[in-house]
Amino acid sequence: MSSPIGVPQLPSYLTESLIKRSLEHELGRPVTIDSFTAGPATVAGDNYLSDVFWIRVLYDGGSNEKRLLAKCMPDVGDRGTVLDILDAFRKEADTFQQVLPAFSRLIHFEGSTEERFGARCYYATTDPVRTIVFEDLKALGFRMCDRTAGGLDYEHCALVMRKIGRFHAASMLYAAQSTENERLLRDRYSYGFYNPRINVEEYRIFQVFQEGLEKFIEVASGWPELEPKVLAKLKALQPSFKQRLAECIDTSNPATKVRVLNHGDLWSNNMMFRYDAGGRVSETMFVDYQLSCYGSPGFDLVYSLYNCPRYEVRQNRLDELILLYHRSLCEVLKLGNYTSVPTLETIKEEFARQEYFGLACAVGLLPIMLMERSEGVDISFDAFFDKEQVKRIRDIQYNGALYRQSVVPMVHSLAARGYID
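If you're wondering where the values come from, they're calculated on a predicted model, not measured in any experiment.

1. Remarks on the nonpolar core
Now for step 1: Counting residues in each nonpolar core, the largest one holds 117 residues, and the members touching the most others are Phe209, Phe216 and Phe357.
Now for step 2: Sort the elements by how many residues they give to this core and helix H4 (residues 154–177) lands first, with 14 residues.
Now for step 3: Tyr59, Cys72, Tyr123 and Val133 belong to the second-largest nonpolar core, a separate cluster that totals 20 residues.

2. Concerning the environment of Phe167
Now for step 1: Mapped onto the secondary structure, Phe167 falls in helix H4.
Now for step 2: Residue classification places Phe167 among the buried residues on the basis of a relative accessible area of 0%.
Now for step 3: In sequence terms Phe167 and Arg394 are 227 residues apart; their C-alpha atoms lie 34 Å from each other.
Now for step 4: In contact with Phe167, not counting residues within four places along its chain, are Leu100, Phe103, Phe117, Leu261, Asn262, His263 and Tyr289.

3. Some words on empty space enclosed by the protein
One way to see where empty space is left: roll a probe the size of a water molecule over the atoms.
Now for step 1: Counting across every chain of the model gives three cavities of 30 Å³ or more.
Now for step 2: Here the second largest cavity is characterised by a volume of approximately 50 Å³.
Now for step 3: What lines the second largest cavity is simply Cys145, Asp146, Arg147, Gly150, Gly151, Leu152, Ser268, Asn307, Cys308, Met369 and Leu370.
Now for step 4: In the lining of the second largest cavity, the residues fall into five nonpolar, four polar and two charged.

4. A word on the environment of Val260
Now for step 1: By the element assignment, Val260 lies in strand E7 (residues 260–262).
Now for step 2: For Val260, a relative accessible area of 0% gives the class buried.
Now for step 3: Measuring from C-alpha to C-alpha, the distance between Val260 and Cys293 comes to 8.2 Å, with 33 residues separating the pair along the chain.
Now for step 4: If we skip the residues at most four places from it in the chain, Val260 touches His168, Ser171, Met172, Cys293, Tyr294, Gly295, Ser296 and Pro297.

5. Considering the packing of helix H6 (residues 204–220) against helix H7 (residues 228–237)
Describing two packed helices takes the angle between their axes plus the distance from one axis to the other.
Now for step 1: Where H6 meets H7, the closest approach of the two axes is 10 Å, and the angle between their N-to-C directions is 150°. As far as their axial angle goes, H7 and H6 are roughly antiparallel. For the element pair H6 and H7, the recorded crossing hand is left-handed. Residues Leu213, Phe216 and Ile217 of H6 pack against Leu231, Leu234 and Lys235 of H7.
Now for step 2: For the contact of H6 with H7, the per-class residue count stands at five nonpolar, no polar and one charged.

6. Here we look at the UniProt feature "domain: CHK kinase-like" (unreviewed entry) in the protein chain
Now for step 1: Here, the residues flagged by UniProt with the feature "domain: CHK kinase-like" (unreviewed entry) are residues 132–335.
Now for step 2: In this annotation, residues 132–335 is assigned 50% helix and 10% strand; the end-to-end C-alpha distance for the span is 33 Å.

7. Details of the pairing of strand E4 (residues 64–73)
Side-chain positions along a regular strand alternate between the two faces of the sheet.
Now for step 1: Pairing between strand E3 (residues 51–59) and E4: nine bridges, direction antiparallel. Bridge pairing links Val52 to Lys71 in E4.
Now for step 2: Linking two consecutive strands that pair antiparallel, namely E3 and E4, is a turn of four residues; a positive phi of about 55° is found at Asp60 within it.
Now for step 3: As paired elements, E4 and strand E6 (residues 130–135) share six bridges and run antiparallel to each other. From the neighbouring strand, Met73 faces E6, where its bridge partner is Arg130.

8. Considering helix H1 (residues 16–27)
Now for step 1: Taking 1.5 Å of rise per residue, twelve residues should cover 16 Å, and H1 covers 16 Å from first to last C-alpha, within 8% of that figure.
Now for step 2: Along H1, the positions that sit buried rather than exposed are Leu18, Ile19, Ser22 and Leu23. Looking straight down H1, one finds that the buried residues subtend no more than 125° of arc, so they occupy a single side.
Now for step 3: Taken together, the buried residues of H1 touch strand E2 (33–40), E3, E4, strand E5 (121–125) and E6.
Now for step 4: Two residues or fewer after H1 comes Gly28, characterised by a positive phi angle close to 75°.

9. Some remarks on the pattern of salt bridges
Now for step 1: Counted by the stated rule, this structure contains 29 salt bridges.
Now for step 2: The closest approach of N and O atoms between Arg90 and Asp94, which form a salt bridge, is 3.3 Å. With Arg90 and Asp94 both in helix H3 (residues 88–106) and four residues apart, the pair spans about one turn of that helix.
Now for step 3: For Asp94, a relative accessible area of 13% translates into the label buried.
Now for step 4: One salt-bridge network, held together by shared partners, links Asp87, Arg90, Asp94 and Arg188.

10. A short note on the packing of aromatic side chains
Now for step 1: Applying the stated criterion across every chain yields a total of 19 aromatic pairs.
Now for step 2: Note on Phe216 and Trp223: the rings are 5.7 Å apart at their centroids and 85° apart in plane angle, and the pair reads as edge-to-face. Side by side, Phe216 and Trp223 carry an identical accessibility label, which is buried.
Now for step 3: Seen from their ring centres, Phe241 and Tyr356 are 6.1 Å apart, and the 50° between their planes marks the pair as tilted. Here Phe241, found in helix H8 (residues 241–248), pairs with Tyr356, found in helix H13 (residues 355–369); they are 115 residues apart in sequence, far enough to count as distant.
Now for step 4: Phe241 gets classed as buried once you look at its relative accessible area, which sits at 0%.
Now for step 5: An aromatic cluster of three or more residues is present, and its members are Phe96, Phe103, Phe117, Phe134, Phe167, Tyr174 and Tyr289.

Thresholds applied
- Residues numbered from 1 in each chain as written.
- Predicted model: local features only at pLDDT ≥ 70, side-chain atom pairs only at ≥ 80, totals over all residues.
- Heavy atoms only, no water.
- Core = buried A, V, L, I, M, F, W, Y, C linked by side-chain atoms within 4.5 Å.
- Buried < 20%, exposed > 50% of the residue type's maximum accessible area, 1.4 Å probe, protein only.
- Helix = DSSP H or I, 4+ residues; strand = E, 2+ residues; numbered from the N terminus.
- Contact = heavy atoms within 4.5 Å.
- 1 Å grid on protein atoms, 1.4 Å probe; cavity = no way out; pocket = protein on both sides within 12 Å on 5 of 7 lines; lining within 4 Å.
- Points joined across faces, edges and corners; volume = space filled by probe spheres on them.
- Nonpolar A, V, L, I, M, F, W, Y, C, P; charged D, E, K, R; others polar.
- Axes fitted to C-alpha atoms, helices over the stretch in contact; angles between N-to-C directions.
- Parallel < 35°, antiparallel > 145°, perpendicular 65-115°, else oblique.
- Left-handed = near helix turned anticlockwise from the far one by under 90°.
- UniProt positions renumbered as here; feature names shortened; annotations may be inferred.
- Pairing = 2+ DSSP bridges.
- Expected span 1.5 Å × (residues − 1).
- Arc of directions from axis to C-beta.
- Salt bridge = Lys/Arg side-chain N within 4 Å of Asp/Glu carboxyl O.
- Phe/Tyr/Trp six-rings, centres within 6.5 Å; stacked < 30°, edge-to-face > 60°.

This is how it looks when you write it as structure tokens:
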């Protein structure tokens, strides 16, 4: 009989039985658990829809050890409803168990090393709660960047762009393999951030964005560096903001020229990095595929380039990063003998078509990304639906000096190009 050791306040569903089933599913044979230690793998604000735990397990007489990560999605508070609306568990489980391994096999060209787009998935279950068990990427040397440090530098961003390019290319090659593959991507990933079966005005996630816009207008009204005409346009935009947002990220938009599987939630906390002996970043791995969608590559590009880079990178090197993405995309597509490789101009068009979502990022997501850690402030998922907590959180987020420096040029640029008219 094993003995659980470690953090005492583990949830009741993080059990020896779950760990045993996970190992046996991966290894394909019976195992005996000797002991395990476990604890929270993230802090508040680093993961919103799930509770994540690290696990170190000794098994088969203590002669074997595994480091695991359990991502649990209990049906509590508002999270359960949102998870159901987004179909997050089924989508992520299918992605890690079926789609990502298929992508890796597809682009493992002769003479190349294996390309992986996520951690190895050991097991997925809904008993007793929705849970996915992975290998622990930290045990392989990967780690997150500090989301409160102001964003990613150019080297990290360049690595991310190359990875997105290869991921998107793999999805294009996969879809081109057969009509069944293309149908699977189109049907299983028909939406990401917004479920079109829900009325726009009733969609709670969009309401959070709407309230973010309202808070931005309230706070930015006192900023002399924000042009008054831009502020006036933002105020006028409020009644149509949610509807325009839904139209922008509609995956079925017939104007889309290139379709890929988007990760769908590419902010810095959903990226992990590995470094060489000299401390230089050498590899990245994506996590959290709950919001993946099959549509324009512009979505992932806008999401990541509006939310992740440091101020100076976003201001000065955006075109370079899009070019790196395109080169990476084309390299894989050509190796896979894809017949119609997108031009750089086409990719820029897809980016531009999705940039209205960049406004939503600027006023709704970036304040979260750049928020400094504050003692005594609840930044869990449920807190964003608690009016008292939200007011306190947003007062901190929207008054941050780094956020103010970053967001004003974004909004000015979007206004100059007609996105808030």
